[in-house]
Amino acid sequence: MADHFIAIGDSLFAKYSYSSPDTILEYGKKALQQSESIGYLSGIEKSLALLGKIYLNKSEYDSASRIFKKAIQLIEDGNNFDTPYLFYKGMGKVYINIDRYDSSIRMYAKATELVDESDTICIFPRIKNNIATCYKRLGVLPRAIEIYHESLKNARLCGDSLMISICLTNIGIVYRNLQEWESAINCYDEALLISERIQDTIGVALIYINLGSLYSDQKEALKSLYHSTLAKQTMENGGLMNRNYSALLNNIGLEYQKIGSMDSSQIYFENSLHHSTGIGDSSGIADALINLGYLAIKNGDMPEAEELISKGIDVANRTKVIDFEIQGYKAMLDYFKLQGDFEGALSAQKKYYELYFKVYNQNQKKEAELTAMRYNHEQAVLQNAHLQQNILILEESHRSRQFFWILILTLFLSVILLLIIFYQVKKRKADLSSQRRSLLYAQLMKSKKKLLSETTKLSYKIGVNKEVIDFLNSNLSNFLPENRLLITRMITKLNESNEERWEEFDSAFVEVHESFFKNLKQNHPSLTSDNLRFCALLKAGYTNMEISKIRNVQDTSTQKYINRLKNIMRLGTQTDLRGYLDSL
């Protein structure tokens, strides 16, 4: 009967995507109960192995740990299991997931001792790969890359193409952490060829994700977006709508933020939140909420920012996703700083570093020590700001108490001073008039400087959007047919955004040069709106190179455009167009 339950559980596990994990657990528990009641050792071993796998897949690490420790105790008590290494390997995986990397390495080392190398040599690449991952997370990168290469060597001996691809991808990740970009790309390229050949959709998607992260590290947002989009298409085509898909949507949203496309960024964060909620992915929900909170801060919507970040922290806390809880408190720290709430900032900072030390004190002591120094410095800065704020409040209170007596004294002195003012009024009027003129002139200069700064920002955003539009247009044929409509709509939206920003540019420019467009149109009525904007850029003092960057064209094209304008305006070839525009 025990073997019957085990067989059903194994069958259901093989068809995991069509089965309820709780159903598999039910058969596993029945098999264990039957096996223990009759002292059936093989049944106990198989039942514990099945239960451990399911708890791991469900991310129920406490339950998985209990099962694996029970099996390990039976082994150490002298019971002869057929595959004892599986339980040490499973315990190693539990320790990885709860960030106890030293303990994980010990478990995997024990598993290696128990593997029969002559019969199961292909087990070694996976075990060594996991050991290397522990060293990577501990920050011991040279040791990690050494063991990854050992794993790769074993995988090649076995002819295990899937494991070869996994090892190459992991080696690429370490090279990326070491900022050895070319070596990382070479590893990813080789892994991609293998994964495509064996039709490993998960591997292909993972490699595109890592390439996107690599280009993000190099601050090449467009390349990062391109590879992340390929990863998204691969996952959608392969039906891999899992937690990695949620994380990918968040990453794409962050890349759109970098190129200034806030609307697209928000769409991807909201899609990630919707997808994560649908599959019950707590990490994805927390990540999306916090990212949306940061976006609200940038948009100046502080009430919404506080609500979103607080929700993200709450989800991360309830589901014990400590990385995103740390990220949430970092966002809340930034929020309180912008609000000038230094008491709130100190509270958020304290919680942020408490969680940070909880993660890093175990595994990365040097990083924790540096962070402690940074914490002390930031705390001093915040406390000083808080102190200054309290001093200002006390001074204001003190001024209020003295106001009454100051008012009486002022009235008394005013009577005396009135006589002096009467005889000096003409001189003071002249002085005051002069001061006002100086002040008005200074304010005008400050206003012009501010407005020109704003037009510079708007012009930069226009240039960035046009670069993205040209990139998408030139690569439209590379996207799948079903995605081209989405890309075309994105291009249309970016064009509309560009037109809105040009209108903002026109409005800001007119505030500085009120009559420029009016005079220019009067003298040259045949000029188009594009001609007028080009003239405005020249009037604002942009160089040919800067104008080329804004319009996303070659420098030679800008000079040719200037020559055409001179012909349209019927100016002589010797006339300096910039000088002529400055005179208007």
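Structure's up top.
Presented here is a report on the structure given in the accompanying data block. Numbering of residues begins from 1 in every chain and follows the order in which that chain's sequence is written. Selection of residues for local features in this predicted model requires a pLDDT of at least 70, selection of side-chain atom pairs for listing and counting requires 80 or more, and totals for whole chains, interfaces and linings are taken over all residues. As a rule here, side-chain values cover all heavy atoms of the structure and leave hydrogens and water aside.

## Describing the overall build of the chain
Definition in use: By the criteria applied, helices consist of DSSP H or I runs no shorter than four residues and strands consist of E runs no shorter than two, each listed in order from the N terminus. When accessible area is computed with a 1.4 Å probe and restricted to protein chains, residues below 20% of their type maximum are described as buried, those above 50% as exposed, and intermediate ones as partly exposed. Contact definition: two residues touch when any of their heavy atoms are within 4.5 Å. Only the protein chains shown count as cover for residues, and all accessible areas are computed by the Shrake-Rupley method using a 1.4 Å probe.
Broken down by element type, the chain carries 25 helices and 0 strands. A total of 584 residues make up the chain; the buried ones form 42% of that total. Excluding contacts between residues fewer than 6 apart, the proportion of contacts in the chain whose partners are at least 24 apart in sequence is 54%. Accessible surface computed for the chain: about 32,700 Å², of which carbon and sulfur atoms make up 54%.

## Observations concerning helix 13 (residues 243-258)
We apply this condition: To estimate the expected span of a helix, count its residues, drop one, and scale the result by 1.5 Å.
With 16 residues, helix 13 should reach 22 Å at 1.5 Å per residue; the first-to-last C-alpha distance of 23 Å fits that figure. Just downstream of helix 13 lies G260, where phi reads positive at about 85°.

## Here's the deal with a negative patch on the surface
The condition that has to hold: Any residue with relative accessible area above 30% and no salt bridge may belong to a patch, with like charges joined within 9 Å and the nonpolar Val, Leu, Ile, Met, Phe, Trp and Tyr side chains within 5 Å. One side-chain nitrogen of Lys or Arg within 4 Å of one carboxyl oxygen of Asp or Glu is enough to make a salt bridge. Neither His nor the chain ends is counted toward charge; the positive residues are Lys and Arg and the negative residues Asp and Glu. Charged groups are reduced to one reference atom each: NZ for lysine, CZ for arginine, CG for aspartic acid, CD for glutamic acid.
A cluster of like negative charges, contributed by D263, E496, E500, E503 and E504, occupies part of the molecular surface. For the negative patch, the element with the highest residue contribution is helix 20 (residues 481-512), accounting for 4 residues. Take D263: its relative accessible area is 48%, and that puts it in the partly exposed class.

## Some details on unusual backbone geometry
Phi at Q179 takes a positive value of approximately 65°, unusual for a residue other than glycine. Tracing the backbone through its elements, the reader meets Q179 in the loop between helix 9 (161-177) and helix 10 (181-197). Located in the positive-phi region is R570, a residue other than glycine, with phi close to 60°.

## What to know about the packing of aromatic side chains
Put simply, the test is: Think of it this way: a Phe, Tyr or Trp ring, Trp meaning its six-membered ring, pairs with another when their centres are within 6.5 Å, and the plane angle makes it stacked under 30 degrees, edge-to-face over 60, tilted otherwise.
Counting across every chain of the model gives 7 aromatic pairs. Here Y256 and Y268 contribute two aromatic rings whose centre-to-centre distance is 5.6 Å and whose plane-to-plane angle is 20°, an arrangement assigned as stacked. In this pair, Y256 is assigned in helix 13 and Y268 in helix 14 (residues 262-279), connecting sequence segments 12 residues apart. The same class applies to Y256 as to Y268, namely buried. Pairing F516 with F517 gives two aromatic rings, centres 5.7 Å apart and planes at 65°, and the pair type is edge-to-face. Like F516, the residue F517 is buried in the burial classification. A network of ring pairs unites the aromatic residues F68, F81 and F87 as a single cluster.

## Comments concerning the packing of helix 3 (residues 41-57) against helix 4 (residues 61-76)
This is how the line gets drawn: Fitted lines through C-alpha atoms give the axes, limited to the stretch in contact for helices. The angle between two N-to-C directions lies from 0 to 180 degrees. Here roughly perpendicular refers to angles of 65 to 115 degrees, roughly parallel to angles under 35, roughly antiparallel to angles over 145, and oblique to all remaining angles. In this scheme the crossing of two helices becomes right-handed for a clockwise turn of the near helix relative to the far one and left-handed for an anticlockwise turn of less than a right angle. Charged means Asp, Glu, Lys or Arg here, nonpolar means Ala, Val, Leu, Ile, Met, Phe, Trp, Tyr, Cys or Pro, and polar covers whatever is left, Gly included.
Contact geometry for helix 3 and helix 4: axes closest at 8 Å, N-to-C directions at 155°. Taken together, the axes of helix 3 and helix 4 are roughly antiparallel relative to one another. Handedness of the helix 3/helix 4 crossing: left-handed. Touching I44, L48, L51, G52, K53, Y55 and L56 of helix 3 are Y61, S63, A64, R66, I67, F68, K70, A71 and L74, all from helix 4. For the contact of helix 3 with helix 4, the class distribution of residues is 11 nonpolar, 2 polar and 3 charged.

## Looking at the pattern of salt bridges
All chains considered together, the criterion is met by 13 salt bridges. Here D314 and R318 are joined by a salt bridge, their closest N and O atoms 3.0 Å apart. Of the two residues, D314 and R318 are both situated in helix 16 (residues 302-318); the distance of 4 residues between them amounts to about one turn of the helix. With relative accessibility at 55%, the residue R318 sits in the exposed group. Of the charged contacts, one joins D334 and K330 as a salt bridge, the two residues approaching to 3.3 Å between their closest N and O atoms. A residue pair is termed a helical-turn pair when its members lie 3 or 4 positions apart in one helix, as D334 and K330 do in helix 17 (residues 322-339) at 4 residues.

## A few points about a nonpolar patch on the surface
Judged by side-chain polarity, L162, I166 and I198 come together as a nonpolar surface patch covering roughly 190 Å² of accessible area. Looking at the secondary structure, you find L162 in helix 9.

## As for the side chain of S65
Note that S65 resides in helix 4. Given a relative accessible area of 11%, S65 falls into the buried group. Once you skip the residues sitting within four places of it in the chain, S65 turns out to touch M91 and V94.

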